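Single-letter residue listing:
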Amino acid sequence: MAAANVAVASTRRAALNVHRTIPLIRAARNSLPPNASVGYVPTMGALHDGHLSLVKEARAKNDVVFASIFVNPTQFRPGEDLDKYPRQFEQDSNLLADLGVDHLFAPDNDIMYGPNHVTFVDPTVSQKCDFYYILPYSNACILLK
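As the structure is a computational prediction, the values presented were derived from the model and not from experiment. Here the residue numbering is sequential within each chain, running from 1 through the sequence in written order. In keeping with the predicted nature of the model, local features appear solely for residues at pLDDT of at least 70, side-chain atom pairs appear and are counted solely at 80 or more, and the whole-chain, interface and lining totals rest on all residues. As a rule here, side-chain values come from all non-hydrogen atoms in the structure, and water together with hydrogens is ignored.

(A) Main features of the pairing of strand β2 (residues 38–43). Every second residue of β2 is oriented toward a common face, the buried set being Gly39, Val41 and Thr43 and the non-buried set Val38, Tyr40 and Pro42. In this structure, β2 lies alongside strand β3 (residues 64–69), joined through six bridges in parallel fashion. Across the sheet, the residue bridging to threonine 43 is isoleucine 69, located in β3. Classification remark: right-handed applies to a crossover when, strands pointing away from the viewer, the course from the first strand over the helix to the second runs clockwise. Comment: elements are numbered from the N terminus, with helices defined as DSSP H or I runs of at least four residues and strands as E runs of at least two. Note on the crossover from β2 through helix α2 (residues 49–61) to β3: the handedness is right-handed. Only protein chains enter the accessibility calculation, which uses a 1.4 Å probe. A residue is then buried if its area is under 20% of the maximum for its type, exposed if over 50%, and partly exposed in between. Any two strands with at least two DSSP bridges between them are considered paired.

This is how it looks when you write it as structure tokens:
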């Protein structure tokens, strides 16, 4: 995907808070007033106009905006170019900050898939597993191993 090459009118409100761990992002969410509306835009980075339009919409409709950048290895099949997927964290985080994102969750693989990781998505097991949840708009299921 091409990087967003658009001029962005800044709606930056304050410094972008970057959270690298799950406890830190939870603490950020839990620190908000209970009645605060929250918009969330998940991404794998390499932001393009579609991402930016979602961020703008979230900013326009919510008190607080969270986004994430996580290149999820489980979204790549064997032989696909996970290692070649563009990683441009500084550029992407600057774009998000300029559009008024308040909090950015940017974990690494060890945080998301640590040694105690027990949830897996396998699109081939929906007919095989007794206990599963079919993901909306997908043939995948979540199987707890």
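(B) How the structure looks around the pattern of salt bridges. Salt-bridge detection follows one rule: a side-chain nitrogen of Lys or Arg within 4 Å of a carboxyl oxygen of Asp or Glu. Evaluated as defined, the whole model comprises two salt bridges. Residues lysine 61 and glutamate 57 are paired through a salt bridge, measuring 2.6 Å at the closest nitrogen-oxygen approach. Here the residue lysine 61 and the residue glutamate 57 both occupy positions in helix α2, the gap between them amounting to four residues, near one helical turn. For glutamate 57, a relative accessible area of 39% corresponds to the partly exposed category. Here arginine 59 makes a salt bridge to aspartate 102, at a shortest N to O gap of 2.9 Å. Separated by 43 residues along the polypeptide, arginine 59 in helix α2 and aspartate 102 in the loop between α3 (89–98) and β4 (103–105) bring together distant segments of the chain. Exposure remark for arginine 59: the relative accessible area of 12% places this residue in the buried category. According to the relative accessible area criterion, aspartate 102 is buried, its value standing at 14%.

No statement about biological role is implied by the geometric values presented.
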